[in-house]
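Given next are the chains, with one letter for each unit.
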Amino acid sequence: SQQGEEDPQALSIQEGENATMNCSYKTSINNLQWYRQNSGRGLVHLILIRSNEREKHSGRLRVTLDTSKKSSSLLITASRAADTASYFCATGRTPLVFGKGTRLSVIA
Amino acid sequence: NAGVTQTPKFQVLKTGQSMTLQCAQDMNHEYMSWYRQDPGMGLRLIHYSVGAGITDQGEVPNGYNVSRSTTEDFPLRLLSAAPSQTSVYFCASSSSGGRGGTDTQYFGPGTRLTVL
């Protein structure tokens, strides 16, 4: 498995704004996943995008994948205070390897 | 389904004590993993298993033992606890999914361990 690196490390926005976080990786992939972790809890799977997909939506989440740049972005639209959490990307097969994540704070 | 369960939720140990962190899943998943999470370090893989009777080391295996006698259970043993093992421990499971499997991991709620 390989490790994704999330950027920025921390992000603070106002409620209603959009939040964008990025993930970079180093080798070719079959798919890329995004996870959310609320404070003190286990990670929860948000969305998976396959290598032959460029964009995927799930509710207020939009994920893009650029395999030529080996990068992905996660966009949360119209953010809410409840979106405050850490977000992680992961690539490859089990066991997944996670980076340090992006800590998102949404201020009401 | 209960998903992935972990016990205990909290534990305080003294240096040199041993204990076992329990992890169980009821989804018939082949793969199970143990991670530790320290502030600012993200999740680091300790040990993992691809099926009953098969285990392998992750990034930080020293000081920990695992075994996988059944599909459901994957206990993590601390043989002689050290303050450096103070952390939050997460267990996760996933299905291989066969060809084109997604490998989505399901996490337990975590065990917060303090070693004095």
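Structure: above.
Counting restarts for each chain, with residues numbered from 1 along the sequence as it is written. Each chain takes a letter, starting from A, and each ligand takes a number, starting from 1, following the order in which they are written. Local features are withheld for residues below a pLDDT of 70 in this predicted model, meaning they are given only at 70 or higher, and side-chain atom pairs are given and counted only at 80 or more; totals for whole chains, interfaces and linings count all residues. Side-chain metrics rest on all non-hydrogen atoms present in the structure, leaving aside hydrogens and water.

## Concerning the nonpolar core
Residue and element names in this part refer to chain A.
- As used in this record, nonpolar core signifies buried Ala, Val, Leu, Ile, Met, Phe, Trp, Tyr and Cys residues forming a set joined through side-chain atoms within 4.5 Å. Categorising residues by exposure relies on relative accessible area from a 1.4 Å probe, with only protein chains included: less than 20% of the type maximum marks a residue as buried, more than 50% marks it as exposed, and the intermediate range marks it as partly exposed. Ranked by internal contacts, the top residues of the largest apolar core, which has 22 residues, are Met-21, Leu-32, Trp-34, Leu-74, Ile-76, Tyr-87 and Leu-104.
- Put simply, DSSP marks the helices as runs of H or I at least four residues long and the strands as runs of E at least two long, and each gets a number from the N terminus on. Among the secondary structure elements, those contributing two or more residues to this core are strand S2 (10-14), strand S3 (19-24), strand S4 (31-37), strand S5 (44-50), strand S7 (61-66), strand S8 (71-76), strand S9 (85-91) and strand S10 (102-107).
- Those residues in contact with Tyr-87 that lie beyond four places of it in its chain are Glu-6, Met-21, Tyr-35, Arg-36, Leu-46, Leu-74, Ile-76, Gly-101, Thr-102 and Leu-104. Between two residues, a contact is recorded if the distance between any of their heavy atoms is within 4.5 Å.

## Examining the environment of A:Ala90
All names here are of chain A.
- Following the sequence through the fold, Ala-90 ends up in strand S9.
- For Ala-90, a relative accessible area of 0% gives the class buried.
- A C-alpha to C-alpha distance of 8.0 Å links Ala-90 and Tyr-35, two positions 55 residues apart in sequence.
- Those residues in contact with Ala-90, other than ones at most four positions away along the chain, are Asn-31, Leu-32, Gln-33, Leu-96, Val-97 and Phe-98.

## Brief notes about the interface of chain B and chain A
- Each partner contributes residues to the interface: chain B has 24 residues there, and chain A has 20 residues.
- Taken together, the two surfaces of chain B and chain A that pack against each other cover about 1600 Å², and 52% of this comes from carbon and sulfur.
- Counting the surface chain B buries against chain A, the share from its top three residues, B:Leu43, B:Asp103 and B:Phe107, is 27%.
- Going through the elements one at a time, strand S4 (31-38), strand S5 (42-51) and strand S9 (87-94) of chain B are the ones with two or more residues in the side of chain B that touches chain A. Buried area: the accessible area, evaluated with a 1.4 Å probe, that two parts lose upon being put together, summed over both parts.

## Overview of the sheet that holds strand S6 (residues 55-58) of chain A
All names here are of chain A.
- We call two strands paired when DSSP finds no fewer than two bridges between them. In spatial order, the strands read S1-S3-S8-S7-S6; together these 5 strands make up an open sheet with antiparallel pairing. Because the sheet does not close on itself, it has two edges, and the strands there are strand S1 (5-7) and S6. When the angles between neighbouring strand axes are averaged without regard to direction, this sheet yields 20 degrees.
- Sheet analysis places S7 next to S8, joined by 6 bridges and oriented antiparallel. Counted as the bridge partner of Arg-62 is Leu-75 from S8. Here, axes are lines fitted to C-alpha atoms. For helices the fit covers the stretch in contact, and angles between N-to-C directions go from 0 to 180 degrees.

## What about the layout of surface pockets?
- Of the voids in this model, the largest pocket is the one considered here, and its volume is about 510 Å³.
- Every definition here rests on a 1 Å grid over the protein atoms only: cavities are sets of points where a 1.4 Å probe fits but cannot get out, pockets are open sets enclosed by protein on both sides within 12 Å along at least five of seven lines, and lining residues have some atom within 4 Å of a point. In terms of lining residues, the largest pocket is bounded by 26 residues, among which A:Gln37, A:Ser86, A:Arg103, B:Gln37 and B:Gly40 are the most central.
- Of all the elements in the fold, those that place two or more residues in the lining of the largest pocket are S9 and S10 of chain A together with S4, S9 and strand S11 (111-115) of chain B.
- In this count, Pro and Cys sit with the nonpolar residues alongside Ala, Val, Leu, Ile, Met, Phe, Trp and Tyr, while Asp, Glu, Lys and Arg are called charged and the others, Gly among them, polar. Class assignment for the residues of the lining of the largest pocket results in 8 nonpolar, 14 polar and 4 charged.
- Grid points are joined across faces, edges and corners, and a volume is the space filled by probe spheres set on the points. The computed volume of the second largest pocket comes to approximately 180 Å³.
- In terms of lining residues, the second largest pocket is bounded by A:Gln3, A:Leu96, A:Val97, A:Phe98, A:Gly99, A:Lys100, B:Tyr35, B:Met41, B:Leu43, B:Arg44, B:Leu45 and B:Glu59.

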